[in-house]
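# Commentary on secondary and tertiary structure
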Amino acid sequence: SQQGEEDPQALSIQEGENATMNCSYKTSINNLQWYRQNSGRGLVHLILIRSNEREKHSGRLRVTLDTSKKSSSLLITASRAADTASYFCATDAAGSWGKLQFGAGTQVVVTP
Amino acid sequence: GAVVSQHPSRVICKSGTSVKIECRSLDFQATTMFWYRQFPKQSLMLMATSNEGSKATYEQGVEKDKFLINHASLTLSTLTVTSAHPEDSSFYICSALDTLNTEAFFGQGTRLTVV
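Residue positions are given per chain, counted from 1 along the sequence in the order it is written. For naming, the first written chain is A and the first written ligand is 1, with later ones following in the order written. This being a predicted model, a pLDDT of at least 70 is required before a residue's local features are given, and a value of 80 or more before pairs of side-chain atoms are given or counted; all residues contribute to the totals for chains, interfaces and linings. To obtain the side-chain values, all non-hydrogen atoms of the structure were used and water was disregarded.

## Describing the overall build of chain A
A run of H or I in DSSP becomes a helix once it reaches four residues, and a run of E becomes a strand once it reaches two; helices and strands are each numbered from the N terminus. Along its length, chain A carries zero helices and eleven strands. Traced from its N-terminal end to its C-terminal end, chain A shows the element sequence β-β-β-β-β-β-β-β-β-β-β. The atom set for the radius of gyration is the C-alpha atoms, and the globule formula is 2.2 Å times the number of residues raised to the power 0.38. Computed over C-alpha atoms, the radius of gyration of chain A comes to 13 Å, within 12% of the 13 Å expected from 2.2 N^0.38 for 112 residues, which places it in the range of a compact globule. Split into buried and exposed, the 112 residues of chain A put 42% on the buried side. Note on definitions: a residue-residue contact is assigned when non-hydrogen atoms from the two residues lie within 4.5 Å. Restricting to contacts in chain A with at least 6 residues of sequence separation, those with at least 24 account for 55%. In short, Shrake-Rupley with a 1.4 Å probe defines the accessible areas, and a residue's cover is counted only from the protein chains shown. By element, 44% of the accessible surface of chain A is carried by carbon and sulfur atoms, the whole surface being about 5,300 Å². Charge-centre separation for chain A: the mean point of 12 positive side chains lies 6 Å from the mean point of 10 negative side chains. Accessible area is worked out with a 1.4 Å probe on protein chains only. A residue is then buried under 20% of its type maximum, exposed over 50%, and partly exposed in between. Counting rule applied: Lys, Arg positive; Asp, Glu negative; His and chain ends not counted. Note on charges: their place is set at NZ of Lys, CZ of Arg, CG of Asp or CD of Glu.

Here it is, written out as structure tokens:
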């Protein structure tokens with residue numbers, strides 16, 4: 001399996017704190033994406049970072065990509081209770097556009 | 001933005017019956033679509049790559065005779081779960097590749113319950 005790894009598996013924080021989760025993958029990639037999934041629901045696309053990019057921001061989200069280490073991190077700043085969800089990273093291997101391999105996911109719980 | 005519509009969102013069927021799930025790209029053409037499956041408390045796993053006008057490519061361990069994929073047009077791929085069993089109960093989700101932007105966009109997913 002080419003599925004990547006994420007850590008931590010679970011993260012429990014209070015509102016206002018920052019949440020950081022990490023993702024590692026195994027092959028050269030085109031893009032790395034982060035998704036959010038609320039329990040029993042579909043995927044919400046958060047951010048896409050291309051293999052030639054190192055950092056990207058979107059609102060309270062900050063994503064870094066280190067292709068030499070085959071790893072990425074997602075930082076959520078000033079977390080809110082509504083950020084409670086599972087977060088997945090997904091990569092498509094170089095030359096396989098759109099064919100995503102998902103990480104195991106990080107379950108984030110933000111308490112008020 | 002690119003929109004992918006997946007139907008139905010929920011379906012309950014009896015063991016032994018077949019269920020068809022549709023995945024449509026609404027505002028772009030998709031020669032390639034992907035089907036994923038997610039069991040409870042697990043991540044998403046790619047099942048197969050659906051190619052318009054040709055046979056689907058299945059991932060290792062996915063039974064092609066059980067999960068029939070048809071991609072007859074540039075905007076529609078269907079996944080049929082044949083002779084469904086309770087262990088097929090899962091969340092199935094498709095994505096469609098927008099080749100112009102080299103990004104794939106997801107449908108809303110289908111929760112299948114086999115009783």
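## Concerning the sheet that holds strand β7 (residues 61-66) of chain A
Backbone hydrogen bonds hold the strands of a sheet together, and the pairing may be parallel or antiparallel. Residue and element names in this part refer to chain A. When DSSP finds two or more bridges between a pair of strands, those strands are recorded as paired. Strand order across the open sheet formed by five strands is β1-β3-β8-β7-β6, with antiparallel pairing between neighbours. Edge strands, defined here as strands with exactly one partner in the open sheet, are β1 (5-7) and β6 (55-58). The average undirected angle you get between the axes of adjacent strands in this sheet is 15 degrees. With six bridges joining them, strand β3 (residues 19-24) and strand β8 (residues 71-76) adopt antiparallel strand pairing. From the neighbouring strand, threonine 20 faces β8, where its bridge partner is leucine 75. The axes used here are C-alpha line fits, helices contributing only the stretch in contact, and every angle between their N-to-C directions lies in the interval 0 to 180 degrees.

## A closer look at unusual backbone geometry
The omega angle of the peptide bond from aspartate 7 of chain A to proline 8 of chain A is -5 degrees, so this bond is cis rather than trans. With respect to the secondary-structure elements, proline 8 of chain A resides in the loop between β1 and β2 (10-14). In this structure, the amide linkage connecting histidine 7 of chain B to the following residue, proline 8 of chain B, adopts the cis form with an omega of -5 degrees. As for its position among the elements, proline 8 of chain B is in the loop between β1 (4-7) and β2 (10-13). Even without a glycine there, the phi angle at lysine 70 of chain A is positive, about 50 degrees. Locating lysine 70 of chain A in the fold gives a position in the loop between β7 and β8. On the basis of relative accessibility, which here comes to 28%, the residue lysine 70 of chain A falls in the partly exposed class. Of note in the backbone geometry, serine 83 of chain B takes a positive phi value of approximately 45 degrees without being a glycine.

## Details of the interface of chain A and chain B
Tallying the contact residues gives 19 residues for chain A and 21 residues for chain B. Buried area: the accessible surface (1.4 Å probe) lost by two parts on joining, summed over both. Taking both sides of the interface into account, the surface hidden between chain A and chain B amounts to around 1,500 Å²; carbon and sulfur atoms contribute 56%. Within this document, salt bridges are pairs made up of a side-chain nitrogen of Lys or Arg and a carboxyl oxygen of Asp or Glu, the two lying within 4 Å of each other. Where chain A packs against chain B, one counts two salt bridges. Glutamate 59 of chain B is the salt-bridge partner of lysine 99 of chain A, the closest N and O atoms lying 3.6 Å from each other. Nitrogen and oxygen atoms within 3.5 Å of one another constitute a polar contact, given that in protein one can donate a hydrogen and the other can accept it, and given that sequence-neighbouring residues count only through two side-chain atoms. On inspection of chain A and its partner chain B, the count reaches three residue pairs in polar contact (both at pLDDT 80 or more). Each residue receives one of three labels: charged for Asp, Glu, Lys and Arg, nonpolar for Ala, Val, Leu, Ile, Met, Phe, Trp, Tyr, Cys and Pro, and polar for the others, Gly being one of them. Class assignment of the residues belonging to the side of chain A that touches chain B gives a composition of eight nonpolar, eight polar and three charged.

None of the figures reported here should be taken as evidence of function without further support.
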